[in-house]
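# Observations on chain architecture
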Amino acid sequence: MNLFPLFWIIVTLLAFGFNLLGLMRLVPILISMPLLFIAIYFTIFSFTHRRSFRGFK
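An account of the accompanying structure is given in this report. For clarity, every value in this text was computed on a predicted model and none was experimentally measured. (Residues numbered from 1 in each chain as written. Predicted model: local features only at pLDDT ≥ 70, side-chain atom pairs only at ≥ 80, totals over all residues. Heavy atoms only, no water.)

### Digging into the overall build of the protein chain
For the protein chain, the helix and strand inventory stands at two helices and zero strands. Taken over the C-alpha trace, the protein chain has a radius of gyration of 15 Å; the compact-globule value for 57 residues is 10 Å, which it surpasses by more than 25%. Principal-axis analysis of the C-alpha atoms gives the protein chain an extent of 55 × 20 × 10 Å. Across the 57 residues of the protein chain, 19% fall into the buried class. Sequence separation of at least 24 residues holds for 52% of the intrachain contacts in the protein chain that already meet a minimum separation of 6. (Helix = DSSP H or I, 4+ residues; strand = E, 2+ residues; numbered from the N terminus. Rg over C-alpha atoms; globule rule 2.2 N^0.38 Å. Buried < 20%, exposed > 50% of the residue type's maximum accessible area, 1.4 Å probe, protein only. Contact = heavy atoms within 4.5 Å.)

Okay, structure coming up:
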């Protein structure tokens, strides 16, 4: 479970590099921007979801 946030950090860095290619018009930016947004969203979600209250057992 500790590798899950690390995985999303790596995916975010790859999506950022892909977005740079989109800004250089080597790939469509309509594909690279949503991928970067989704990667950033899941990175933040993986760091904040661990500390949420899950109720009493």
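Text resumes after the structure shown.
### Some thoughts on helix α1 (residues 3–23)
With 21 residues, α1 should reach 30 Å at 1.5 Å per residue; the first-to-last C-alpha distance of 30 Å fits that figure. Looking at the residues trailing α1, positive phi occurs at R25, about 60 degrees. (Expected span 1.5 Å × (residues − 1).)

### Focus: the packing of aromatic side chains
What the rule picks out here adds up to five aromatic pairs. An aromatic cluster of at least three residues, connected via ring pairs, comprises F4, F7, W8, Y41, F42 and F45. (Phe/Tyr/Trp six-rings, centres within 6.5 Å; stacked < 30°, edge-to-face > 60°.)

### Re the packing of α1 against helix α2 (residues 29–48)
Here α1 crosses α2 at 160 degrees, and the two axes come no closer than 8 Å. Looking at the two axes, α1 sits roughly antiparallel to α2. Where α1 crosses over α2, the two elements pack in a sense that is left-handed. The segment α1 lies against α2, with F4, P5, W8, I9, V11, T12, A15, F16, F18, N19, G22 and L23 engaging I29, I31, S32, M33, L35, L36, A39, I40, F42, T43, S46 and F47. A class-by-class count of the residues in the contact of α1 with α2 yields 18 nonpolar, six polar and no charged. (Axes fitted to C-alpha atoms, helices over the stretch in contact; angles between N-to-C directions. Parallel < 35°, antiparallel > 145°, perpendicular 65-115°, else oblique. Left-handed = near helix turned anticlockwise from the far one by under 90°. Nonpolar A, V, L, I, M, F, W, Y, C, P; charged D, E, K, R; others polar.)

### Brief notes about the environment of F47
Within the secondary structure layout, F47 lies in helix α2. Along the primary structure F47 and I29 are separated by 18 residues, whereas in three dimensions their C-alpha atoms are 27 Å apart. In this view, F47 contacts P5 and I9; residues no more than four positions away in its chain are not counted.

Function cannot be read off these values alone, since they describe shape.
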